[in-house]
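Structural characterization, general
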Amino acid sequence: FVALRNKRHEWRFSNASIAQAKANARFHYGMGQDFYRPWLDVPSMMYTCAYWKEGTRTLEEAQRNKMDHVCRKVQLKAGETFVDVGSGWGGLLMYAWDRYRAIGTGINATTEQVAESRAEIARRGLADTLKVVECDFREIPGQYDKLLSIGTLEHAGRDQLPEVVRAHAAALKPGGLGVIHFIGHVDSRETEFYIREYIFPGGWIPSLSEAIACMERNGLEVVDIENLRRHYALTLDAWAERFDRRWGEIHALDPQRFDERVRRTWRTYL
């Protein structure tokens with residue numbers, strides 16, 4: 001029965017159309033910055049696996065580690081252009097400018113996140129340096145020296161994975177370096193129905209082998225693979241602890257919208 005519901009969900013919420021892909025993204029990421037701020041790191045609000053290297057004590061430190069880790073992986077340098085695919089609230093864009101003086105363009109399909117990240121970029125006086133483009137991951141404009149894609153492939157969908165990877169490849173200048181960071185399965189299997197139905201409609205978690213095959217077919221040479229699974233376990237622990245501790249603040253934002261059903265749904269997800 002669950003398998004049949006999963007197949008129906010995949011048909012109903014397929015990302016084949018860009019309009020549906022946008023609706024799927026907004027279902028999750030469009031809940032508003034105020035919902036996420038209490039349980040993500042301050043001030044970057046990185047909604048991705050952190051990097052808990054030896055001696056790391058806080059979520060904030062772990063997320064700074066992660067941003068620096070991916071920037072160093074692509075050997076980011078001053079004056080280089082880079083694209084941040086799935087740029088969230090712009091934390092990585094701003095970190096890469098502050099730390100490396102690299103010029104970033106964010107790609108984001110969620111209207112609310114685009115508005116909020118543009119406002120923060122403007123508040124920091126970086127509107128002439130950094131920009132965020134509202135578009136689908138298959139519509140990345142231009143080519144860049146470097147590419148950072150942090151947590152986007154799992155939103156592509158089963159049938160759209162080749163298209164999304166092709167767009168990543170097309171966005172890199174010849175000889176450019178990129179990091180594609182995604183949640184993946186070991187071996188091919190169905191994506192958990194609960195996550196699709198209540199958290200990430202249209203989402204699909206590929207296996208490592210499926211993702212690599214797509215990369216190779218689109219001319220991307222894989223030079224390094226790193227498994228951060230254990231880092232994600234620690235990140236989820238930190239998020240869940242903060243979510244529990246600060247749920248009262250979230251509930252107070254809009255008691256009807258952020259009700260007990262939302263609390264239990266998200267707590268189970270985390």
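Keep in mind that what you see is a predicted model, and the values were worked out from it rather than measured.

Our next topic: the side chain of asparagine 108. By secondary structure assignment, the location of asparagine 108 is in strand β2 (residues 103-108). Asparagine 108 gets classed as buried once you look at its relative accessible area, which sits at 3%. Leaving out residues up to four positions away in the same chain, asparagine 108 has contacts with Ser87, Gly88, Gln113, Val114, Val132, Val133, Glu134 and Cys135.

Turning our attention to the packing of helix α4 (residues 59-73) against helix α5 (residues 91-100). Contact geometry for α4 and α5: axes closest at 10 Å, N-to-C directions at 70°. Regarding the angle of α4 to α5, the classification is roughly perpendicular. As α4 runs across α5, the sense of the crossing is right-handed. Along its contact with α4, which presents Arg64, Met67, Asp68, Val70, Cys71 and Arg72, the element α5 presents Gly91, Leu92, Tyr95, Ala96, Arg99 and Tyr100.

Taken as a whole and judged by the stated rule, the model has 23 salt bridges. The closest approach of N and O atoms between glutamate 112 and arginine 26, which form a salt bridge, is 2.5 Å. Here the residue glutamate 112 occupies a position in helix α6 (residues 111-123), and arginine 26 occupies one in helix α2 (residues 18-29), the gap between them amounting to 86 residues. Arginine 26 sits in the partly exposed class, given a relative accessible area of 36%. Salt bridges sharing common partners tie together Glu10, Arg158, Glu190 and Arg196.

The parallel open sheet is built from 5 strands, whose spatial order is β3-β2-β1-β4-β5. In this open sheet, the two strands that pair with only one neighbour each are β3 (131-134) and β5 (172-181). Ignoring strand direction, the axes of neighbouring strands in this sheet form an average angle of 20°. Pairing of β2 with β3, which is carried by 4 bridges, proceeds in the parallel orientation.

All right, on to the environment of aspartate 98 then. Following the sequence through the fold, aspartate 98 ends up in helix α5. Residues aspartate 98 and threonine 268, spaced 170 residues apart in sequence, show a C-alpha to C-alpha distance of 36 Å.

Okay, the nonpolar core next. Phe35, Tyr36, Trp39, Leu40, Tyr47, Phe243 and Trp266 are the most contacted members of the largest nonpolar core, which has 26 residues in total. Looking at this core element by element, the count peaks at 4 residues for helix α10 (residues 229-245). Excluding anything up to four places from it in sequence, phenylalanine 243 contacts Phe35, Trp39, Ile250, Arg263, Trp266, Arg267 and Leu270.

So, how was this worked out
- Residues numbered from 1 in each chain as written.
- Predicted model: local features only at pLDDT ≥ 70, side-chain atom pairs only at ≥ 80, totals over all residues.
- Heavy atoms only, no water.
- Helix = DSSP H or I, 4+ residues; strand = E, 2+ residues; numbered from the N terminus.
- Buried < 20%, exposed > 50% of the residue type's maximum accessible area, 1.4 Å probe, protein only.
- Contact = heavy atoms within 4.5 Å.
- Axes fitted to C-alpha atoms, helices over the stretch in contact; angles between N-to-C directions.
- Parallel < 35°, antiparallel > 145°, perpendicular 65-115°, else oblique.
- Left-handed = near helix turned anticlockwise from the far one by under 90°.
- Salt bridge = Lys/Arg side-chain N within 4 Å of Asp/Glu carboxyl O.
- Pairing = 2+ DSSP bridges.
- Core = buried A, V, L, I, M, F, W, Y, C linked by side-chain atoms within 4.5 Å.

Shape is all these values report; function is a separate question.
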